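Given next are the chains, with one letter for each unit.
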Amino acid sequence: MAFFLSKSNAEEKRLGIYIHIPFCRSKCEYCDFYSLGGSWERRVTDDYLQALADHIREAGRLAPNYLVDTIYFGGGTPSYFGADNLARILDEIHRSFRLSTQMEVTLEANPDSVSLKSMKKLIRAGFNRISIGVQSDDDAMLKKLGRPHTFQQAKQAMEFARKAGFANISLDLMYGLPNQNRTAWEQTVQNIIALRPEHISCYALKVEEGTPLWNYKDCAGLPDDDTQADMYLAACRLLAEYGYEHYEISNFCKKGFESRHNLKYWTGGEYIGFGPTAASDFAGKRYTIVRDLQGYIDAIAKKGQVLSECETIPHRERAGEYVMLRLRTNIGINAEEYERRYLMPFEPLAQMLERFAEKGYAKFENNCWKLTENGYLVSNRIIMGLQEQQERSTPLAKKR
């Protein structure tokens, strides 16, 4: 098949796996992800399961020197696909790859599509982390956003997860919602903290072209940038007070409960994606699968072309990604590591970061440069400036 890559002869490496489940009960007003709302035929379900199994099986043969230590089921709404189907996919991964005994296996779920029975099935199948899309504690707001659940269902889903045995639960929230103010947002955060999840994600609402919300964004009562910034900083303060570590721009956790799979993206780890629109960074190649469910099913069955793009990332671009992704986290960027990996001088970046530090946007801590919470608010501008400086730099190897 066209998506196959050559086997690696390197020593054992760690690998993440992402499974895209593109099915939803309904599409939310703001959703730009590849997902299909409404009911679908059983034949499509069976065909998709078969395509995933075939793809996983063949990809496993290409990674004999890799140990899978994270698996993430995203969507769409994976929980809407059913616990039995999800267990079948996970079983195929177990058969096809070498797995770590300390593996993190995450499932995204909507509150309306889980039950205690389904949660127990997921635990038995090997899932050990669940990310529940709560988004808001206001039922009227949830309805306005097109969310198919209530806040009571979200609390019940959390209760089901605990009773089933999940000891690692993440709750997702959104801020900057229509007519939302900081006081209402702070109360939402307090209500979520009261549920005592191990992990909380706080994402700003983004209005994407092509979504229903885009068509009426100008009259939706969306908070301005300054109000959104106030909401963000308020969440940072509240979550810190209750012992949540701010380990990535939008993510907070109790000690030791970072999303290990997402950290692979932010720290340059390798991962393979399965399903339409899934992305991979594996064996030196980055590639993305077609945005077409039936096209994916047919291509796998006929051993045809399933990629929409595939490229080798130039060394300088990798250096730029290191800066961009690491500065999203509290890990930060390290001068020695940067120069060793990419043979690029760090001093020009350090000079810029010192100027950002004078403005309160950056800090030097534990031998690494990191952004402050105020720096996160303008991170795009900071990172763009650093990457422009990179483009002007001469590689160290050429100076010798």
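The structure under discussion appears in the preceding block.
The paragraphs below set out a description of the structure included in this document. What you see as residue numbers is a count from 1 along each chain, following the sequence as written. Since the coordinates come from a predicted model, pLDDT governs what is reported: local features require at least 70, and pairs of side-chain atoms require 80 or more to be given and counted, while whole-chain, interface and lining totals use all residues. As a rule here, side-chain values come from all non-hydrogen atoms in the structure, and water together with hydrogens is ignored.

Check the secondary structure of the protein and you find 15 helices and 16 strands. Our radius of gyration looks at C-alpha atoms and nothing else; its globule reference is 2.2 Å times the residue count to the power 0.38. By the compact-globule yardstick of 21 Å for 400 residues, the protein fits well, its C-alpha radius of gyration being 22 Å. When burial is assessed residue by residue, the protein has 54% of its 400 residues classed as buried. Carbon and sulfur atoms form 47% of the exposed surface of the protein, whose accessible area is close to 18,400 Å². The sign given to each residue is positive for Lys and Arg and negative for Asp and Glu; His and the chain ends receive no count. The location of each charge is read from NZ of Lys, CZ of Arg, CG of Asp or CD of Glu. Considering the protein, the positive charge centre built from 52 side chains and the negative charge centre built from 52 side chains are found 4 Å apart. Numbered from the N terminus, helices here are DSSP runs of H or I no shorter than four residues, and strands are runs of E no shorter than two. Only protein chains enter the accessibility calculation, which uses a 1.4 Å probe; a residue whose area is less than 20% of its type maximum is buried, one above 50% is exposed, and one in between is partly exposed. Accessibility throughout is a Shrake-Rupley quantity obtained with a 1.4 Å probe, and a residue counts as covered only by protein chains that appear here.

Our next topic: the state of the cysteines. Cysteine sulfur atoms are paired as a disulfide whenever they fall within 2.5 Å. Taken as a whole, this structure holds zero disulfides when the rule is applied. Of the cysteine sulfurs around Cys31, a residue in no disulfide, the closest is that of Cys28, at 6.2 Å. Not part of a disulfide, Cys219 finds its nearest cysteine sulfur in Cys28, a span of 19 Å.

Attention now goes to the environment of Ala125. With respect to the helices, strands and loops of the structure, Ala125 is situated in helix H3 (residues 116-125). When checking whether two residues touch, look at their non-hydrogen atoms; a contact exists if any pair is within 4.5 Å. Apart from the residues within four sequence positions on either side, Ala125 is in contact with Ala87 and Leu90.

The subject of this paragraph is the pattern of salt bridges. Counted as salt bridges are all cases of a side-chain nitrogen of Lys or Arg within 4 Å of a carboxyl oxygen of Asp or Glu. All chains considered together, the criterion is met by 23 salt bridges. Of the charged contacts in the structure, one is a salt bridge between Glu365 and Lys370, with a shortest N-O distance of 3.1 Å. Its relative accessible area of 33% is what places Glu365 among the partly exposed residues. The network of salt bridges with shared partners includes Asp54, Arg57, Glu92 and Arg95.

Take the packing of aromatic side chains next. A pair of Phe, Tyr and Trp rings is counted when the ring centres sit within 6.5 Å of each other, with Trp represented by its six-membered ring. The angle between the planes then sorts it: under 30 degrees is stacked, over 60 is edge-to-face, the rest tilted. In the structure shown here, the tally under the stated rule is 16 aromatic pairs. Ring plane angle 80° and centroid distance 4.6 Å describe the contact between Tyr265 and Tyr271, whose orientation is recorded as edge-to-face. On the accessibility criterion, Tyr265 (25% relative accessible area) is partly exposed. Overall, Tyr271 belongs to the buried group, its relative accessible area being 12%. Look at Tyr322 and Tyr338: their rings are 5.9 Å apart centre to centre, the planes differ by 40°, and that puts the pair in the tilted class. Linking Tyr322 in helix H11 (residues 315-326) with Tyr338 in helix H12 (residues 335-342), this pair joins segments that are 16 residues apart in sequence.

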